[in-house]
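Spelled out, the chains give:
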Amino acid sequence: MKLLTISLLTTALLSVSPAFAQNEGTGKVRRLRKTKGAKAPKTPKSPKSMTPDSLVALVQGSDVFGSVAVRSSLDGSALLSIDITGLATSTGQAMITKGKSCDPAGDYDETPHLCDESGSVIGDIETLSEGERSVSKSAFRIANGCSKAENMGKTVIITDGTSSVACGVLGDEVAQKVLVADMGSYPGYDGSLTPNGKVTVAFNDDDTFTFAYDVMGLKGDCMGCGIHIHAGTSCATADDPKGHGWNSVVVQDLWTTAGGATYKSDSTGHANGYFSLTNGFGYEANVHHAVVIHTEGGARVGCGILM
């Protein structure tokens, strides 16, 4: 009876423990080896950093202004992208040079900047139209053999195919794209108003922006009065701010009452508010441009430069 009970228990244990088996003849229990399954596929490694080294130059001339960006690739080449307006010819060229200053009296040099003599650093520009409102968003690949550090502080020169028309110095790209203008009286204005305060323009990724103002010394209870970014880059003389600044190739002039580019002052002449807008230009192309404050009739009473 005892032998029968032991035999039944052993059979029960073997039936519920598939990891064990009994050697025939010896009665000893042995552990079965685990069957090796197929290896799990390897997880792909994350790619190397996809944030390229970037440099940006604000390029300016008497008529041409805009920006040039240099963004590196893993193979050592770089994309040179151009966003300018005002090129008077249908074609032109852009290049990184050995110069460190756009001042002809300073460290100005139009020699191409090459760390590898077999490399390339000059490319062609094509404009969408000719004249004051011309726009170019050209891009091309360069391979001058230089690192970001070696390109830092070098000049970018824009030519009309014959001579230099704009220049800028390469520097780190700005992370927070915000411009501020300290407002004062319009050049030549001799009235009783004393505009003073700040205008702040914060850019979004799509080049739209929030235009905020906090200005005192304005005409009291000025309703729907204009405040705009202009095409000029100086408040030195009454003519310098020029007219409204916008990219006519990609957007209509929104510096209007219908476009929402207005302010409202209280009885003391204090205006504090904001509106959303785009003038078709990004952060870099708006740098150094004049902000102009108007009264109801359009008279210019305030001016400041975006920095």
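Just above, that's the structure.
Every value quoted in this text rests on a predicted model; they were computed, and no experiment measured them.

K.L.:
What should I look at first to understand the pattern of salt bridges in this one?
P.N.:
Under the definition given, this model contains 7 salt bridges. Residues Glu173 and Lys177 are paired through a salt bridge, measuring 3.5 Å at the closest nitrogen-oxygen approach. Its relative accessible area of 29% is what places Glu173 among the partly exposed residues. Of the residues examined, Lys177 reaches a relative accessible area of 25% and is grouped as partly exposed. Residue Lys177 pairs with Glu284 through a salt bridge whose shortest N-O separation is 3.6 Å. Here Glu284 lies in helix H3 (residues 283-286) and Lys177 lies in the loop between strand E12 (171-172) and strand E13 (178-185), a separation of 107 residues in the sequence. For Glu284, a relative accessible area of 13% corresponds to the buried category. Because the salt bridges share partners, they merge into one network encompassing Arg71, Glu173, Lys177 and Glu284.

K.L.:
Help me understand the state of the cysteines, please; the structure alone is not making it clear to me.
P.N.:
Such a bond, covalent and formed between the sulfur atoms of two cysteines, is termed a disulfide. Summed over the entire model, instances satisfying the criterion amount to 4 disulfides. Paired by a disulfide, Cys222 and Cys225 hold their sulfur atoms 1.7 Å apart. Of note, the bridge from Cys222 to Cys225 carries an S-S torsion of about -90° and is left-handed in sense.

K.L.:
How should I be thinking about the side chain of His294 in this particular structure?
P.N.:
Among the secondary structure elements, His294 is positioned in strand E19 (residues 290-294). A relative accessible area of 7% means that His294 is categorised as buried. At a separation of 3.2 Å, a polar atom in the side chain of His294 contacts the side chain of His228. Among residues more than four places away in sequence, those in contact with His294 are Cys225, Gly226, His228, His230, Tyr263, Ala299, Arg300 and Val301.

K.L.:
I keep staring at the pairing of strand E18 (residues 271-277) and nothing clicks. Help me out?
P.N.:
Moving residue by residue along a regular strand, the side chains alternate between the two faces of the sheet. Because side chains alternate across E18, one face comprises the buried residues Ala271, Gly273, Phe275 and Leu277, and the other comprises Asn272, Tyr274 and Ser276, none of which is buried. In the sheet, strand E15 (residues 209-216) pairs with E18 via 7 bridges, with the strands oriented antiparallel. Residue Ala212 lies in a different strand from E18, and its bridge partner there is Tyr274.

Parameters at a glance
Residues numbered from 1 in each chain as written. Predicted model: local features only at pLDDT ≥ 70, side-chain atom pairs only at ≥ 80, totals over all residues. Heavy atoms only, no water. Salt bridge = Lys/Arg side-chain N within 4 Å of Asp/Glu carboxyl O. Buried < 20%, exposed > 50% of the residue type's maximum accessible area, 1.4 Å probe, protein only. Helix = DSSP H or I, 4+ residues; strand = E, 2+ residues; numbered from the N terminus. Disulfide = S-S within 2.5 Å. Polar contact = N/O pair within 3.5 Å; in protein donor to acceptor, adjacent residues only side chain to side chain. Contact = heavy atoms within 4.5 Å. Pairing = 2+ DSSP bridges.

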